[in-house]
Amino acid sequence: MGFTFKNFHISQEHTAMKVGTDGVLLGAWAEGGADILDIGTGTGLIALMMAQRFPSAHIDAVEMDEGAVADAHLNIVRSPFRDRINIIHTSLQDYHPQNGCRYEAIVCNPPYFINSLKSPLRQRSTARHADTLSCQELARHAERLLKENGKLSVIISAENKETLESEALFCGLSIRKIVYVRTKEAKPVKRCLMEFTKAFPAHCDVHEAVLALPDGRRTEWYRQLTEDFYIR
């Protein structure tokens, strides 16, 4: 079963990780540029969202899972952004752009379970667990692939925030923005939207956001962030 947005449709028959709030949040929030890299594109959701938000951008999207690549190709070809998104079947570790080019923006919704029980389904476990892409590897390869003024934007579980921050700093990346995300006001912080740069920023913009009101409706912050994508 797929998921239809205002300007494109996501088929996800062969993908372990289906469309979820994390991907939508990152795709609607992340900074873009003329050249964008989507790490672990899955269904191609975030790549499509970035293409919609940044009409002059070219997006390369890497994905190591064969089933996800099949879904991503289908979703891109059927979209109005097909000429600006390139799906590449490889891992981040093995990805080396032609001519050594670098990116103005990198986006990633990484595997986020580090010390938890793994699913017996290999494909789903790979998509959800950090064995295939640790915080250290994400930071190191992002630094390798970013232009000097480039930005890395990620969404990560709150429990892994400090690990990623430490690894990024070690690799020469500093936090420029962070949003602590709660599903509801009374709930603990569940996710963190984070933006890193190679330059050392004068300050870090820190915000908190809530996704749902007590009656289940989207908050104004979440509604405004995603209004160009959700049909209702």
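Higher on the page you've got the structure.
The notes below deal with the structure included here. No experiment lies behind these values; they were computed from the predicted model shown.

### Concerning the pairing of strand β8 (residues 174-184)
Then step 1. Inspection of the sheet shows β8 paired to strand β9 (residues 191-197) by 7 bridges, in the antiparallel sense. Across the sheet, residue Lys177 finds its bridge partner in β9, namely Glu195.
Then step 2. Linkage of β8 to β9, two consecutive antiparallel strands, is achieved through a turn of 6 residues.
Then step 3. Two strands pair when backbone bridges link them, and β8 and strand β10 (residues 205-212) are joined in this way by 7 bridges, in the parallel orientation. In the strand pairing of β10, Lys184 is matched with Ala212.

### Points about the packing of helix α5 (residues 135-145) against helix α6 (residues 161-170)
Then step 1. Where α5 contacts α6, the two axes come as close as 8 Å, and the packing angle between them is 40°. When the axes of α5 and α6 are compared, the crossing they make is right-handed. Along the contact surface, α5 presents Cys135, Gln136, Leu138 and Ala139, while α6 presents Thr163, Leu164, Glu167 and Ala168.
Then step 2. Residues belonging to the contact of α5 with α6 are distributed by class as follows: 5 nonpolar, 2 polar and 1 charged.

### Side note on the pairing of strand β5 (residues 85-89)
Then step 1. Here 5 bridges tie strand β4 (residues 58-63) to β5, and the two strands are oriented parallel to one another. Among the inter-strand pairings, Val62 is bridged to a residue of β5, identified as Ile88.

### Details of the nonpolar core
Then step 1. One finds Phe5, Phe8, Leu25, Leu26, Leu45, Ile85 and Leu193 to be the most contacted residues of the largest nonpolar core, which totals 39 residues.
Then step 2. In terms of residue count, the dominant contributor to this core is helix α2 (residues 45-53) (7 residues).
Then step 3. Leaving out residues up to four positions away in the same chain, Leu25 has contacts with Ile155, Val181, Leu193, Leu211, Trp221, Tyr222 and Leu225.
Then step 4. Within the second largest apolar cluster, 28 residues are counted, among which are Leu37, Leu146, Leu152 and Cys171.

### Here's the deal with the pattern of salt bridges
Then step 1. Tallying each qualifying case throughout the model produces 13 salt bridges.
Then step 2. Across the pair Glu148 and Lys198 runs a salt bridge, and its minimum N-O distance is 3.4 Å. One end of the pair, Glu148, is in strand β7 (residues 146-157); the other, Lys198, is in the loop between β9 and β10, with 50 residues separating them in the sequence.
Then step 3. Ionic pairing is found between Asp215 and Arg217, a salt bridge with its closest N-O pair at 2.7 Å. Each member of the pair, Asp215 as well as Arg217, is classed as exposed.
Then step 4. Through salt bridges with shared partners, a single network forms among Arg102, Glu143, Glu148 and Lys198.

Definitions and limits used
Position numbers for residues start from 1 in each chain and track the written sequence from start to end. Residues qualify for local features only when their pLDDT is at least 70, as the model is predicted, and side-chain atom pairs are given and counted only at 80 or more; totals for whole chains, interfaces and linings, by contrast, use all residues. Note that water and hydrogens are dropped before the side-chain values are worked out from all heavy atoms of the structure. Strand pairing is assigned whenever DSSP identifies at least 2 bridges connecting the two strands. Going along the chain from the N terminus, every DSSP run of H or I of four or more residues is numbered as a helix, and every run of E of two or more is numbered as a strand. Axis lines are fitted to C-alpha atoms, over the contacting stretch for helices. Their N-to-C directions set the angle, which ranges from 0 to 180 degrees. We call a crossing left-handed when the near helix sits turned anticlockwise from the far one by less than a right angle, and right-handed when that turn is clockwise. Only heavy atoms enter the contact rule, under which two residues are in contact if any of them lie within 4.5 Å. Residue type decides the class: Asp, Glu, Lys and Arg count as charged, Ala, Val, Leu, Ile, Met, Phe, Trp, Tyr, Cys and Pro as nonpolar, and the leftover types, Gly among them, as polar. Think of a nonpolar core as a cluster: buried Ala, Val, Leu, Ile, Met, Phe, Trp, Tyr and Cys residues, connected wherever their side-chain atoms sit within 4.5 Å. A 1.4 Å probe rolled over the protein chains alone gives each residue an accessible area, and that area as a share of the maximum for its type sets the label: buried under 20%, exposed over 50%, partly exposed in between. Salt bridge criterion: a side-chain nitrogen from Lys or Arg within 4 Å of a carboxyl oxygen from Asp or Glu.

Honestly, that's just the spatial picture; any functional story needs more than this.
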